[in-house]
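# Observations on the three-dimensional arrangement
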Amino acid sequence: ELKVEQNPLFLSMQEGKNYTIYCNYSTTSDRLYWYRQDPGKSLESLFVLLSNGAVKQEGRLMASLDTKARLSTLHITAAVHDLSATYFCAVDKGSGALTFGGGTRLMVKP
Amino acid sequence: SAVISQKPSRDICQRGTSLTIQCQVDSQVTMMFWYRQQPGQSLTLIATANQGSEATYESGFVIDKFPISRPNLTFSTLTVSNMSPEDSSIYLCSVWTGQNTEAFFGQGTRLTVV
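### Some thoughts on the pattern of salt bridges
Pairs can form between side chains of opposite charge once their charged atoms are near each other. Summed over all chains, the structure comprises five salt bridges over all chains. Across the pair A:D38 and A:R36 runs a salt bridge whose closest N-O atoms are separated by 3.0 Å. On the basis of relative accessible area, A:D38 is assigned to the partly exposed category, the value being 25%. We classify A:R36 as buried; its relative accessible area is 13%. Between B:D87 and B:K65 there is a salt bridge, with its nearest N and O atoms 2.6 Å apart. Highlighted residues: B:D87 in the loop between strand 8 (75-80) and strand 9 (89-96) and B:K65 in the loop between strand 6 (56-57) and strand 7 (68-72), separated in sequence by 22 residues.

### What about the state of the cysteines?
All told, the structure shown has two disulfides over all chains when counted by the stated rule. The disulfide bridge from A:C23 ends at A:C89, spanning 2.0 Å between sulfur atoms. An S-S torsion of about 80° defines the bridge between A:C23 and A:C89 as right-handed. Pair noted here: A:C23 is in strand 3 (residues 19-25) and A:C89 is in strand 9 (residues 85-94), with a separation of 66 residues, a long-range link. In this structure, A:C23 and A:C89 share a single accessibility class: buried. Here B:C23 pairs with B:C93 through a disulfide, and the sulfurs are 1.9 Å apart. Here the disulfide of B:C23 and B:C93 is left-handed, its torsion about the S-S bond being about -65°. Here B:C23 is found in strand 3 (residues 19-25), whereas its partner B:C93 is found in strand 9, with 70 residues between them in sequence. Across the pair, B:C93 and B:C23 agree in class, each one buried. With no disulfide of its own, B:C13 has B:C23 as its nearest cysteine by sulfur position, at a separation of 18 Å. With a relative accessible area of 9%, B:C13 lands in the buried category.

### So, the interface of chain A and chain B
Contacts between the two partners involve 19 residues from chain A, matched on the other side by 20 residues from chain B. On the chain A side of the interface with chain B, the three residues burying the most area are A:R31, A:S42 and A:S95, jointly 29% of the side's total. Here chain A is connected to chain B by one salt bridge. Between A:K93 and B:E58 there is a salt bridge; the shortest N-O distance is 2.8 Å. Viewed at the interface, chain B and chain A are joined by eight residue pairs in polar contact (both at pLDDT 80 or more). For the side of chain A that touches chain B, the elements supplying multiple residues, two or more each, are strand 4 (32-37), strand 5 (43-49), strand 9 and strand 10 (97-100) of chain A. Residues belonging to the side of chain A that touches chain B are distributed by class as follows: eight nonpolar, eight polar and three charged.

### Some points on the sheet that holds strand 8 of chain B
All names here are of chain B. The strand order across the open sheet built from four strands is 1-3-8-7, with neighbouring strands paired in antiparallel fashion. Both edges of this open sheet fall to strand 1 (4-7) and strand 7, since each of them pairs with a single strand only. For this sheet, the mean angle separating the axes of adjacent strands, direction not counted, is 15°. Here four bridges tie strand 1 to strand 3, and the two strands are oriented antiparallel to one another. Bridge pairing links Q6 to C23 in strand 3.

Basis of the calculations
Residues numbered from 1 in each chain as written. Chains lettered and ligands numbered in written order. Predicted model: local features only at pLDDT ≥ 70, side-chain atom pairs only at ≥ 80, totals over all residues. Heavy atoms only, no water. Salt bridge = Lys/Arg side-chain N within 4 Å of Asp/Glu carboxyl O. Buried < 20%, exposed > 50% of the residue type's maximum accessible area, 1.4 Å probe, protein only. Helix = DSSP H or I, 4+ residues; strand = E, 2+ residues; numbered from the N terminus. Disulfide = S-S within 2.5 Å. Contact = heavy atoms within 4.5 Å. Buried area = accessible area lost by both parts, 1.4 Å probe. Polar contact = N/O pair within 3.5 Å; in protein donor to acceptor, adjacent residues only side chain to side chain. Nonpolar A, V, L, I, M, F, W, Y, C, P; charged D, E, K, R; others polar. Pairing = 2+ DSSP bridges. Axes fitted to C-alpha atoms, helices over the stretch in contact; angles between N-to-C directions.

Here is the structure:
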């Protein structure tokens with residue numbers, strides 16, 4: 001059974017600081033997603049990582065995937081208040097069926 | 001990409017009743033899925049909606065409680081049956097269009113059972 005562990009579950013940051021969210025998973029997969037969710041909203045797709053060593057960046061967020069270590073990271077650079085949200089990683093079990101991590105609730109303080 | 005329309009967006013229902021949620025996609029898609037997000041929790045896959053055949057349910061979810069239909073490649077429904085307050089959650093439809101694409105999510109249905 002595929003298990004996805006995300007940490008930390010809660011992160012309080014000051015604006016301008018850097019931090020990394022980690023996503024570990026238990027069985028082989030070559031497709032991993034990062035999503036953002038604002039309160040009361042659905043999921044916003046941030047990144048799709050499709051191969052070992054994949055790295056993608058969008059603004060202050062950068063995601064990477066190491067399929068051998070079964071680890072993905074979401075790095076936040078110089079955080080701003082607008083990044084406050086809950087972030088989920090999700091691993092594809094096959095053909096688009098996803099197993100989600102527990103989520104990281106990020107709070108960026110001005 | 002795929003545009004997903006999910007209805008209703010929210011509802012408040014009496015316990016013991018049933019609610020059917022609709023998911024319409026703007027193009028034919030290979031796979032459709034239903035997820036549940038309980039308050040303050042992550043998302044859990046309920047089932048894969050199979051076109052023309054019975055849905056494939058994940059552990060802990062059964063057809064009698066969550067019957068699913070998928071009559072064609074662009075439409076699916078999820079029914080939450082005999083509801084109790086524990087069924088209060090957000091229910092989300094998701095689609096996957098192929099190997100080199102991503103999974104897309106609808107806007108979700110926020111269900112409150114009173």
